[in-house]
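A structural walkthrough
Single-letter residue listing:
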Amino acid sequence: MNAPLPVEVLKQHLIDPEICIRCNTCEETCPVDAITHDSNNYVVDPEICNGCMACVPPCPTGSIDNWRLVVRAEAYSVQDQLGWEELPQEKPLPVDAAAAGEGGQPMPAPQAESGLAQAAAVTAATPGAAVPPWSAAHPYVNLYTHKTPITATVVGNYRVTGADTESDIHHIVLDFGEQPFPVLEGQSIGILPPGVDAQGRPHHARQYSLASPRDGERAGYNNLSLTVKRVTQDHGGAAAHGVCSNYLCDLAKNDPVQVIGPFGHTFLMPNHPQANLIMICTGTGSAPMRAMTERSRRLIGTADIGKLMLFFGARTERELPYFGPLMKLPRDFIDINLALSREPGQPKRYVQDLIRERAAHVRGLLADRNTCIYVCGLKGMEVGVLDALRDVVVQSGEDWSILHDALRREGRLHFETY
Ligand code: FAD
């Protein structure tokens, strides 16, 4: 008599649609392109996912870290997942399948159950660290979700780029009143714009980096600030009306805003004395740099702060958010390097050009294990910045791949690009 065919059990990787903020980080990180999305959900293709875990640490919300034991032949398809509003309940496995699963080896077993294997998978997939600097403060994440958002009040909204430029960037201050909303520099929040999308579903949340330090835009107040660029064109330059950025830039004082978060547990600043910061940004990527710089500035006289070096790229001075206040900061506090790519009468310069020009200083800071590097802004800047850092290191006869691995392992190199 034939024995019954063994039932194959799959530990299926799923994304929680109620927590996911559709930031695309997982899709960009996945080394085998198993993650896809439509206008509703981000989903994992069970036919492709190999459980390598590379997407798990970079996810700012933890929505990516969901698993269900299922009979492989009945795995949730991509189409199933795209239609979900919430994760399905865990279903009991048939007795013979449960026995196979309990046997310890659902197929495929995630490759990276151990921390080491997980770190290796992340290292292979991303240029930055998957861990925070060792001395970073503990961040709170996901205190408020799509189901339980918090209402903040607009207490300020003004433009921080020249009125005659195409780049309409706003500094927006949100107050949380008596409600707890603890944040750290480098974290972001989600904004739920009102209204519905073309399918009649509520708009999904958009993510914005904090531009203010942990103790508030105004020290001691329960408020925070954002740096928001009004999106009027898509990435290809065609006319487009960004739902959330336009909503935010048009808000008036006293308007209520639905907020979720906070998010982010790695792009955090070090807290130990003499920690140095190299900050590299373009446009609204200046938000976390403003937060970290202001945190350090408020510590002057009370703590032993290290060196701050900023590389800031924009087309012209007038398109550079916070230009005025930035230039007023003392030069012995922060070493400011502006890269302007369209300033009339000046040669085009990008942040990577300035990193190379300042090679001696950058190299000196990189040699110090107290130095952390933060890169934020346009997605396209990642490669240029990495190349420039590599050139600086190689010029001095050192091995970039060894240093790069150490920077990632020690939580000293962080990217937030979008
Ligand atoms: P949508 O309605 O979502 O998109 C409209 C069209 O514009 C679409 O075609 C879309 O592809 C295109 N588009 C989307 N985003 C951009 C863009 N940035 N530039 C050009 N075209 C775009 N934005 C900030 O302004 N400040 C921040 O501090 C900030 N921090 C972020 C942090 C993280 C971790 C992430 C993932 C994103 C961050 N963003 C930030 C981007 C922000 O979340 C939104 O994507 C952006 O404001 C566009 O949203 P929207 O609703 O206006 O446009």
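Structure: see above.
A brief structural summary. These figures come from a predicted structure and were not determined experimentally.

In terms of nonpolar packing, the biggest core is built from 26 residues, with Ile278, Ile280, Phe311, Ile355, Val362, Ile373 and Val385 touching the most fellow members. Among the secondary structure elements, those contributing two or more residues to this core are strand E11 (276-282), strand E12 (308-314), helix H8 (351-357), helix H9 (359-366), strand E14 (371-377), helix H10 (381-395), helix H11 (400-409) and strand E15 (413-417). If you tally residues by element for this core, the top one is H10, at seven residues. Leaving out residues up to four positions away in the same chain, isoleucine 278 has contacts with Met309, Phe311, Val362, Leu365, Leu366, Thr371, Cys372, Ile373 and Tyr374. Of all hydrophobic cores here, the second largest spans 23 residues; its members include Phe176, Val228, Cys244 and Tyr247.

Secondary-structure assignment places proline 193 in the loop between strand E7 (188-192) and strand E8 (206-209). Given a relative accessible area of 6%, proline 193 falls into the buried group. Residues proline 193 and glycine 261 lie 68 residues apart in sequence; the distance between their C-alpha atoms is 14 Å. Once you skip the residues sitting within four places of it in the chain, proline 193 turns out to touch His203, His204, Arg206, Val243, Cys244 and Tyr247.

Before going further, it helps to spend a moment on the sheet that holds E14. Spatially, the five strands line up as an open sheet ordered E13-E12-E11-E14-E15, and their pairing is parallel. Edge positions in the sheet fall to strand E13 (334-340) and E15, since each of these pairs with one other strand and no more. Each neighbouring strand pair of the sheet contributes to a mean axis angle of 10°, computed without reference to strand direction. Judged from the six bridges that link them, E11 and E14 form a sheet pairing that is parallel. From the neighbouring strand, isoleucine 280 faces E14, where its bridge partner is valine 375. Taken strand by strand, H10 contacts E11, E14 and E15, and its axis lies near 155° from that of E15.

The next subject is the site of the ligand. Taken together, the neighbourhood of the ligand is formed by 20 residues, with Gln207, Tyr208, Thr227, Cys244 and Ser245 sitting nearest. At a separation of 2.7 Å, an oxygen atom of the ligand approaches a polar side-chain atom of tyrosine 208. A distance of 2.8 Å separates an oxygen atom of the ligand from a polar backbone atom of cysteine 244. Within the complex, the protein chains bury 77% of what would otherwise be the 900 Å² of accessible surface of the ligand. Listed by contribution, the elements that provide at least two residues to the shell around the ligand are E8, strand E9 (223-229) and helix H5 (243-249).

Rules used in this analysis
Residues numbered from 1 in each chain as written. Predicted model: local features only at pLDDT ≥ 70, side-chain atom pairs only at ≥ 80, totals over all residues. Heavy atoms only, no water. Core = buried A, V, L, I, M, F, W, Y, C linked by side-chain atoms within 4.5 Å. Buried < 20%, exposed > 50% of the residue type's maximum accessible area, 1.4 Å probe, protein only. Helix = DSSP H or I, 4+ residues; strand = E, 2+ residues; numbered from the N terminus. Contact = heavy atoms within 4.5 Å. Pairing = 2+ DSSP bridges. Axes fitted to C-alpha atoms, helices over the stretch in contact; angles between N-to-C directions. Near = heavy atom within 4 Å. Polar contact = N/O pair within 3.5 Å; in protein donor to acceptor, adjacent residues only side chain to side chain. Areas by Shrake-Rupley, 256 points an atom, 1.4 Å probe, with all protein chains shown as cover.

On their own, these measurements won't tell you what the molecule is for.
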